[in-house]
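Listed below are the residues making up each chain.
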Amino acid sequence: MNTFTYTRVDDVASAVRSIAGDGAARFIAGGTNLLDLMKENVERPSRLIDITHLPLRAIESTSDGGLRIGALVTNTDVAYHPEIERRYPLLSRAILAGASAQLRNMASVGGNLMQRTRCAYFYDNATPCNKRTPGAGCSAIGGFTRYHAILGASEHCIAVHPSDMCVALAALDAVVHVTGPGGERAIAFEDFHREPGNTPHIDTNKRSDEIITAVELPARGFSELYAYVKVRDRASYAFALVSVAASLRMNAGTIEEGRVALGGVAHKPWRNRTAESALAGQPASRQTFERVADDLVRGARDCGLNAFKIPLAKRAIVRSLEQAVATNRGGRR
Amino acid sequence: MSTHHVGQPISRVDGRLKVSGEAKYAADYNVPNLAHGCVISSEIARGTIASIDAGAALALPGVLRVFTHENTRGLPWFDGSYHDESAPEGSPFRPLYDEEIEFSGQPIALVVAETFELARYAASLVRIQYARATHQTNLQAERHAAYEPKHRTPPPDPRGDAARAFEAAPVRIEADFLVPVEHHNPIELFGATVVWHGDGTLTVYDKTQGVLNTQQYLANVFGFGTRDLRVISPFVGGAFGSALRPHYHVFLAVLAARELKRSVRVSMTRQQMFSFGHRPTTWQRVKLGASRDGTMQALTHDAVAETSQFEDFSEAVVNWSGLLYRCDNASFSHKLARLDLFTPMDMRAPGATWGVYALECAMDELAVELRIDPLELRLKNYAETDQNEELPFSSKELRACYRQAAERFGWSRRNPEPRSMRDGHALIGWGMATGVWEAMQVPATARAVLTADGTLTVSSATADIGTGTGTIMTQIAAEALGLPISNVKFVLGDSTLPTAPIEGGSWTAGSVGSAVKAACDKVRARLFELEGPGEKHAMSLTEIMRRSGLSSIEELATTEPSKAHEKYSLYTHSAVFAEVRVDEDLGSVTVPRVVSAVAGGRVLNPKTARSQIMGSIVWGIGMALQEESVLDHVVGRFMTHNLADYHFPVHADVHDIDVIFVDERDDIVNPLGAKGLGEIGVVGVGAAIANAVYHATGKRVRDLPITLDKLL
């Protein structure tokens, strides 16, 4: 672990001022990922800026019927908030499928968005990694790729984003609010995380001098028909091999709108609006779901040990849509 | 022996200390002027250290020394000096000895500083250049070069003509199995606090399964007399075999203390817990031949396991196949292949976990081929004697295990057809297997001291690695002298105490327990002597002592196996039944229930005994479905080297576990009639689950763990 200095800030403006121009500084909230990375010498910040005292812990309704979640609300508090449970149960489900109770108690919403990949090579300084050291090469390619990407990967990086919460946020069309030296701006959730391309060391489109202040959910919460299916190597405390956040709106047996976001398959929570739009106007049948699942995973490429993820992703998509249809028929899990 | 204490479900005598955090482990001892070490590990699997630049680290105020092979001195060149009680054949690893790298994760430097944080930071500044050489970490690639080592437990002699009988058998099964490396991963990291007393003597607090083994090792390596080096290890936060050998952390801590002339602590990180012994990856081939009625005609069990480049670690993998079922034509082999990894180590039921897994899965395949119920096949070929040694069993209530576990499980309702049971998306399967483990006794010594106030202190240099040893020894001692548990104290984990073997092999209950009983019986005999013959009357112990003017009675007793051991085969047995649910689309497997019936002789404490078996079953679930230290053969390194990536069952994976102890009387195994229970519980669980997965899905997965991708 590096030596570092510690600063505490009490409002957003000071946080932004504090990090300005200091590329080696990091914000710290729950620390559930950053401290691990520091102990592994993967992150070596010269300065930690403690943002836990910022006034970003509220969950409030917005004027257009949505909900605004402060960046410092813990994962646990989001998952069990009555309004989230009632209006956005998909988000609650996804959060509770992730990590452990202890981690969720510490982890913040903003930190969840900013967490780094769990690629074993990224975590191990003994193995070259383009995400850790641009240009060093990717050790995962040709190695232990069980958990790696099948969509949107590049020759420079095949890592996946590890979050469960973000998969639900992607499906819900959330918006990320950030504040920087130039003021506030909103980033559509789909545009927040990046594909690796040839800059895998840059995970998000949030600039390093910006701070996440809130995540906003639009009014439509799909609380009627939804499912979060997480396929993993053990029942808890394991990252997704494949996860699916599915939500449907139906009218008399016909799908009016369907959304599918995938986790564990790409460098970012994966949406394919063209493919999922084919759900609209179709009957909620297994045939429909299988056809859409094929389209959603079309173009997927494995890198060895993760070949199983391609059929698995299709099956998990079908399962999630079937579960979503059955949400209120006791078929929910 | 009456059963006032022994056989009762006494709660752990050290339970309160542990749950309240008062129990101190090796790295918890704080002493004045303690320096802290941080180990730097090799990033390559084979090659040499070209250079080490510690300049930036040493420039930091508070950094005391960076120990490397370039500046260690006074260490013995003779590798025999590094031998320990649990070392296999070969040349033991010598930390910081020279520039050679023999495995990834090899300790190559120790940075010592005034604080732990500083040592860790300084370690990150040390620059190491390697000259890489090609490495091999893939067992399958080296299998062709396997050789016959000098075995610790050689495979049984062949009998009959297995090859010919196999060819002639009307029903045959041949199956290959591949099992991965597993690491023990006790929750307590390896750590040692070495206290420098200033007069040349040391006290070493270490995590170990044998204080005397660690003491002897350190004395040999560093030239200490055993009186000048005391090893203490009162609590061990799990070990499972990993602490049978002294590891590099304690070597490095003593080295630094000796050189710096001050107290030093060295702890491993979780990542470094993957840098030493492990359960070896093993390839196996089992061939079974039977007549159409299910009578076994031929059995061949061959294994090739990994070892290091410097030691021949071998375990009894194939031996169990020779004694579980009657078969007159059998042959066995166990070979080793050298890889660029550290030497494997004993890990909970070493050898049996892998070997019985392969045999019991092959038996299930044979039952399917024969269209005979798997349990019936086992009963039909039940071994009444040990054909390996041509000896009778001292006791073997395996039939009762089968019967009681099958009944509790509801086995008779099983439809043998695969994929015949389902619940929604879940395919349900039932499988069973047999378990077997040794019931060994080894020499041990205990001291008992009864003081005039009625307090009994019993001691032996054994270890309690979380098994409940301290509790059962307390019960045995209290029983022998008819004292309440609260009057008895059992002391262990100190090299100044009477000799005990390393705690392993499930032999501690029977071995140290016998010594404890013998020492206490001698105290009792003394008391009767003091009172002398006369009319029968009741009198308290303290009164006898007071009348004799004695403040204490002290007795030492050493016990060893009886002569009868030569005429009998001594084993513990079990029958395991498991239910699985397999998601037909997603492949994920859950284990809703396991029933295990164990024939382990007399149960000294049903509460700690049940915990042992339950914990073992959880291990078995992990072995079957989750555990694997994944090697990347390109970098020659374990890539799942933390507890997030190295999977083993969490609470959500563990459901109903039902443990049955069948009645088994054994007057031969040891004076207590008790067989150890630390390991038997894990044997057979992997096979029972794998067989249940076949029953659920119709798929045979012969390489563990059975992860969901193998079932898609």
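Residues numbered from 1 in each chain as written. Chains lettered and ligands numbered in written order. Predicted model: local features only at pLDDT ≥ 70, side-chain atom pairs only at ≥ 80, totals over all residues.

### Some thoughts on the overall build of chain B
- Each helix and strand in chain B was counted, giving 16 helices and 29 strands.
- A globule of 712 residues ought to have a C-alpha radius of gyration of about 27 Å, and chain B, at 27 Å, matches this closely.
- Expressed as a percentage of its 712 residues, the buried residues of chain B come to 57%.
- Contacts spanning at least 24 positions in sequence make up 84% of the contacts within chain B whose residues lie at least 6 apart. (Helix = DSSP H or I, 4+ residues; strand = E, 2+ residues; numbered from the N terminus. Rg over C-alpha atoms; globule rule 2.2 N^0.38 Å. Buried ≥ 20, exposed ≤ 12 C-beta atoms within 10 Å, placed from the backbone. Contact = placed C-beta atoms within 7 Å.)

### Quick look at the packing of helix α12 (residues 469-481) of chain B against helix α13 (residues 508-531) of chain B
Residues and elements named next belong to chain B.
- Running from N to C, α12 and α13 point in directions that differ by 30 degrees, and their axes come no closer than 9 Å. In terms of their interaxial angle, α12 and α13 are classed as roughly parallel. You can see that α12 and α13 cross each other, and the crossing is right-handed. The segment α12 lies against α13, with Thr469, Ile472, Met473, Ile476, Ala477, Ala480 and Leu481 engaging Thr508, Ala509, Val512, Gly513, Val516, Lys517, Cys520, Asp521, Val523 and Arg524.
- Among the residues making up the contact of α12 with α13, the classes are represented as 11 nonpolar, three polar and three charged. (Axes fitted to C-alpha atoms, helices over the stretch in contact; angles between N-to-C directions. Parallel < 35°, antiparallel > 145°, perpendicular 65-115°, else oblique. Left-handed = near helix turned anticlockwise from the far one by under 90°. Nonpolar A, V, L, I, M, F, W, Y, C, P; charged D, E, K, R; others polar.)

### Some details on the environment of Val176 of chain A
Residues and elements named next belong to chain A.
- As for its placement among the helices and strands, Val176 is situated in strand β6 (residues 175-180).
- Sequence-wise, Val176 and Ala266 are 90 residues apart; in three dimensions their C-alpha atoms are separated by 20 Å.
- Setting aside its immediate chain neighbours within four residues, Val176 contacts Leu113, Ile187, Phe189, Phe192, Ile212 and Val215.

### Focus on helix α16 (residues 685-697) of chain B
All names here are of chain B.
- Its 13 residues give α16 an end-to-end C-alpha distance of 18 Å, which sits within 8% of 18 Å, the value for a rise of 1.5 Å per residue.
- With 13 of 13 residues buried, α16 is to be regarded as a mostly interior element.
- Looking one or two places after α16, you find Gly698, whose phi comes out positive at around 80 degrees. (Expected span 1.5 Å × (residues − 1).)

### Considering the confidence of the model for chain B
- For chain B, per-residue confidence averages 97 on the pLDDT scale, and 100% of positions sit at 70 or higher.
- In the predicted complex, the global pTM is 0.97; the interface-specific ipTM is 0.96. (pLDDT = per-residue confidence, 0-100.)

### Let's talk about the sheet that holds strand β1 (residues 5-8) of chain A
Residue and element names in this part refer to chain A.
- Here we have three strands laid out as an open sheet, ordered β1-β3-β2, and parallel in their pairing. Because the sheet does not close on itself, it has two edges, and the strands there are β1 and β2 (25-28). Adjacent strand axes in the sheet meet at a mean angle of 25 degrees when their direction is disregarded.
- Bridge count for β1 against strand β3 (residues 47-50) is four bridges, and the pairing is parallel. (Pairing = 2+ DSSP bridges.)

### What to know about unusual backbone geometry
- Here the bond from Leu704 of chain B into Pro705 of chain B is cis, since omega is -5 degrees, no more than 30 degrees from zero.
- Within the fold, Pro705 of chain B resides in the segment after α16.
- Unusually for a residue other than glycine, Asn41 of chain A sits at a positive phi of about 65 degrees.
- Note on placement: Asn41 of chain A falls in the loop between α2 (34-39) and β3.
- In this model, Tyr237 of chain A sits at a positive phi of 55 degrees, which is unusual for a non-glycine residue.
- Along the chain, Tyr237 of chain A falls in the loop between β9 (225-231) and β10 (242-251).
- In this structure Tyr237 of chain A comes out as partly exposed when scored by C-beta crowding, with 19 C-beta atoms within 10 Å.

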